[in-house]
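Observations on chain architecture
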Amino acid sequence: MDFAFTAEEEGFADAVRRFLRDHPPSDFPADGMDAGYGSGANSKAFLRALAVQGWISMGWPPAFGGAGRPMFFKLVLMEELARAGAPFGPLAGVWQTADAIIEYGSERLRAELLPLIARGEASFWQGYSEPDAGSDLLALKTEAKRAGDHYVLRGHKIWSSHAGIATHGLVFARTSREARRSRGFSMFVVPNGTPGMDIRPITSLTGEVYHYEVFLDEVRVPEGLRLGPEGEGFVALLNGLDSDRFWGRFYKAPALERTLRRLVDHANTTRVDGVPLARDPGLRRRLAAMATELAALRWLFYRAACLLRDGAPVTYETAVAKVLADETGQKLARLGMDLLGLWGPLRAGSREARLDGEISHAYLTSLGHTIAGGTAEILRTTVATRGLGLPAGPRHN
Amino acid sequence: MDFRPSPAQQLLVATARDYLRRHCPIELVQRLALDGRNFDDKLWRGMAELGWPGLLVPGDYGGSDGSLLDVILLVEALGYASVPGPYVASAVAATSLLLGASAAQQERLLPALASGDRIATLALVEEAGSFDPAAVTLACDGAGRLTGRKLFVKDAHVADDLIVVLRDGAALLAADRRGIARLPLETISGEPLFEVTFDAVEVGADDRLTLRGDALGAALRAGALARTAEMVGAAQRILELTVEHARTRVQGGRPIGGHQAIQHACADLVRDVDCSRGLLYAAAWRASEAMPAEREVAMAKAYAGEACLAVARRAHQIFGAISYCEEHPLHLIHKRIQAASLDFGDPALHLETVARAIGLEA
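Residues numbered from 1 in each chain as written. Chains lettered and ligands numbered in written order. Predicted model: local features only at pLDDT ≥ 70, side-chain atom pairs only at ≥ 80, totals over all residues.

**With respect to the overall build of chain A**
When helices and strands are tallied, chain A shows 11 helices and 10 strands. Against the compact-globule benchmark of 21 Å for 397 residues, chain A has a radius of gyration of 22 Å, which places it among compact chains. Once the C-alpha set of chain A is aligned to its principal axes, its extents read approximately 75 × 45 × 45 Å. Counting every position in chain A, which comprises 397 residues, the buried fraction comes to 48%. Here the contacts in chain A between residues at least 6 apart in sequence split such that 68% fall between residues at least 24 apart. (Helix = DSSP H or I, 4+ residues; strand = E, 2+ residues; numbered from the N terminus. Rg over C-alpha atoms; globule rule 2.2 N^0.38 Å. Buried ≥ 20, exposed ≤ 12 C-beta atoms within 10 Å, placed from the backbone. Contact = placed C-beta atoms within 7 Å.)

What follows is the structure, given as structure tokens:
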């Protein structure tokens, strides 16, 4: 066993910290709201700054313009960025899309998109959910009909994060009617602005826009923008879900640790009747327990990381880690609200707001985390059936 | 970073699992828990023949130069089998303390502990009910005599030596020395705990241990880690028993594990076991690498003390009525976790260590 980073990984962490000192995160304007996952706001300028360092493509094979760096460099980068509260919002999605294009993308996708991604000029929204296909993704109705060397897409997607400020959508659509429910789906990379695509914002409970719904009306997509073999989209999607859950939540523990450090400072410096809040036995114990839970969460993710790195079987590990990340985030937000008392619900920018209004924002955004990307219920079922071998429940075909 | 035990550690664990499957079945655990002594000479001798009591001890003193991490992996296997006995008290905590004693004392005391011929236990806790050494008040009078008592001393009935923590150090006293009495406390788990009283017990200069600076702290951390490992092993066993039950118990024409309410409860068992184990291994690794590990050990013990206990309690609900019976093994494993969560510091004590480590003003 070994619970430390290698000298190379430590050296890279130093380089990232130097970069963050030279490029303070607060200097970068936000293009889209921080949804609270730990990857900060969506900032195009910050994504480009990462690209200048070569860090977006560092894990790609040299044949695709990458530096062939090992997976743990990506973890080190994300951990340092999250610890500093940097706005690297789209990075995880960008990495995953690039990996899929390298693994089974068409020549056209490789030639057109990889250079764009490497320069930090591409980001992606997921067109998976639909109004009647949430947890039951396979109930989706969006269709892609072959028309010569094109497909014609028609449908209605929803809950697509930052779709309005991204460059491309990853649209999951039915390409044929098959007897088996999981067959006949394909994935398409559709540039924003393609005629027939109508992207409309949904105002969230924070008052800001994070999600969009996307109407697809006779959207023509060239065959070369299909990602993976026709009809095999669901297999690719399922394979991607483990890494999706992992990469979408890996940075949550270091980000929550940052929030906890702010709460500890607040508890030390805020006095009630002359006594620091830090000495309140109940709050003190909750803060210490939270630090402990965050350490457990971090190791859970690193264990999954080692399995993914080593190509070992992953059945339940990323599912259990995602659920814990999201429920721990909710618990920390609750603790923060309790600690701030009447100041808790004040918005960022309000007079008297504490900790930059970060806690009230986290309180609201964290509500969505156990829903997005697989609800906590769906994932617990995954742990039980795929991980523990308990019988799968009834399905309706 | 690597979560896999080394080949030597895998061999140690596989050997232990196999030996304990054959020599410590749950029926033996059950019988020993009921017989009042909760100790099996034959099992202890068998463990000694495998060299387990000497795992932490240097080769020069009859041990096998193992690391704390090796010991933790072994104790996890002991916990999985719910092995009763003084292994943690003697081979982990007392041995760790003696590893911080003078060379002469190590040479005199460690070989008999390593061979399992002698058993030692730590007498620390007093009326305050705390494993914090700062709470210790017991001390010899001006004439070098000890009068007072210690509480919750584990395995005192089978111990040859008591290591008595005093306000100004520690003394190793034969358990049958004149003036010492061992009075059993009756526990729900059958875990042998004792009140030990001292009535003008003579403590000579030779009885006093010459300890290096943080020897007591290191021994308490080793004990806390070992009881954490025991909880993790026990919780893993509960997880496996419970999932097997959920898979095979049929009600209403289908296995109860087909119901989401049961599935989700089982998913939470996995979460609690995996998180407890991650913190345990990370802390044990740090301690084995001689890195500062106070915070990590405290986190591991505090977390497992809550999470593994939650595993046991949730398992009763999943098992239903059968787990309320004495003949069913769940309550035994549950009670073991319950006892281990308190030994070497309860979650509250360890969370206070964490609170200070994260910078909360005291």
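From this point, the narrative continues.
**Regarding the overall build of chain B**
Within chain B, the secondary structure is distributed over 11 helices and 8 strands. The C-alpha extent of chain B, read off along each of the three principal axes, is 75 × 45 × 40 Å. For chain B, buried positions account for 53% of its 362 residues. Relative to all contacts within chain B whose residues are 6 or more apart in sequence, the contacts with residues 24 or more apart total 75%.

**Some details on the sheet that holds strand β5 (residues 180-185) of chain B**
All names here are of chain B. Spatial strand order, β2-β6-β5: 3 strands in an open sheet with antiparallel pairing. Looking at which strands have only one partner, the edges of the open sheet turn out to be β2 (145-154) and β5. The average undirected angle you get between the axes of adjacent strands in this sheet is 15 degrees. Looking at chain direction, β5 and strand β6 (residues 193-202) are connected through 6 bridges and run antiparallel. From the neighbouring strand, Leu-183 faces β6, where its bridge partner is Glu-195. (Pairing = 2+ DSSP bridges. Axes fitted to C-alpha atoms, helices over the stretch in contact; angles between N-to-C directions.)

**Quick word on unusual backbone geometry**
Backbone geometry places Asp356(A), a non-glycine residue, at a positive phi of 60 degrees. Checked against the element boundaries, Asp356(A) lands in the loop between α9 (317-340) and α10 (358-369). Of note in the backbone geometry, Ala290(B) takes a positive phi value of approximately 60 degrees without being a glycine. With respect to the helices and strands, the residue Ala290(B) is situated in the loop between α8 (260-288) and α9 (294-319).

**A word on the packing of helix α1 (residues 7-23) of chain B against helix α4 (residues 68-80) of chain B**
All names here are of chain B. Look at α1 against α4: their axes get within 9 Å of each other, and the N-to-C directions meet at 25 degrees. Our classification of the angle between α1 and α4 gives roughly parallel. When the axes of α1 and α4 are compared, the crossing they make is right-handed. For the pair formed by α1 and α4, the contact residues are Gln-9, Leu-12, Val-13, Ala-16, Arg-17 and Leu-20 on the first element and Asp-70, Leu-73, Leu-74 and Ala-77 on the second. Considering only residue class, the contact of α1 with α4 consists of 7 nonpolar, 1 polar and 2 charged. (Parallel < 35°, antiparallel > 145°, perpendicular 65-115°, else oblique. Left-handed = near helix turned anticlockwise from the far one by under 90°. Nonpolar A, V, L, I, M, F, W, Y, C, P; charged D, E, K, R; others polar.)

**As for the nonpolar core**
Among the nonpolar cores identified, the biggest contains 236 residues, and Phe188(A), Ile72(B), Leu225(B), Leu279(B), Leu280(B) and Ala283(B) are the most heavily contacted of them. Setting aside residues up to four positions removed in sequence, Leu279(B) forms contacts with Ala295(A), Ala296(A), Trp299(A), Met299(B), Ala300(B) and Tyr303(B). (Core = buried A, V, L, I, M, F, W, Y, C linked by C-beta atoms within 7 Å.)

**Quick notes on the interface of chain A and chain B**
Each partner contributes to the interface: chain A provides 39 residues, whereas chain B provides 38 residues. Among the secondary structure elements, those contributing two or more residues to the side of chain A that touches chain B are α7 (252-269), α8 (281-310), α9 and α11 (376-387) of chain A. No other element matches α8(A), which puts 14 residues into the side of chain A that touches chain B. Here the side of chain A that touches chain B is built from residues that sort into 26 nonpolar, 7 polar and 6 charged.

**Regarding the packing of α4(B) against α8(B)**
All names here are of chain B. α8 packs onto α4 with a crossing angle of 150 degrees between their chain directions and a minimal axis gap of 8 Å. The angle between α4 and α8 places the two elements in the roughly antiparallel class. Only Leu-280, Ala-284, Trp-285, Ala-287 and Ser-288 of α8 make contact with α4, whose side of the interface consists of Leu-68, Leu-69 and Ile-72. Its residues placed into classes, the contact of α4 with α8 shows 7 nonpolar, 1 polar and no charged.

**Describing the domain arrangement of chain B**
Residues and elements named next belong to chain B. Split into domains, chain B comes out as domain 1 (7-114), domain 2 (120-207) and domain 3 (215-357). Domain 1 and domain 3 are separated by 21 Å when their C-alpha centres are compared. In this complex, domain 1 contributes 23 residues to the contact, which on the side of domain 3 involves 26 residues. If one sorts the elements of the side of domain 1 that touches domain 3 by residue count, α4 sits on top with 10 residues. Within the side of domain 1 that touches domain 3, the residues separate by chemical class into 16 nonpolar, 6 polar and 1 charged. (Domains from an automatic or database assignment.)

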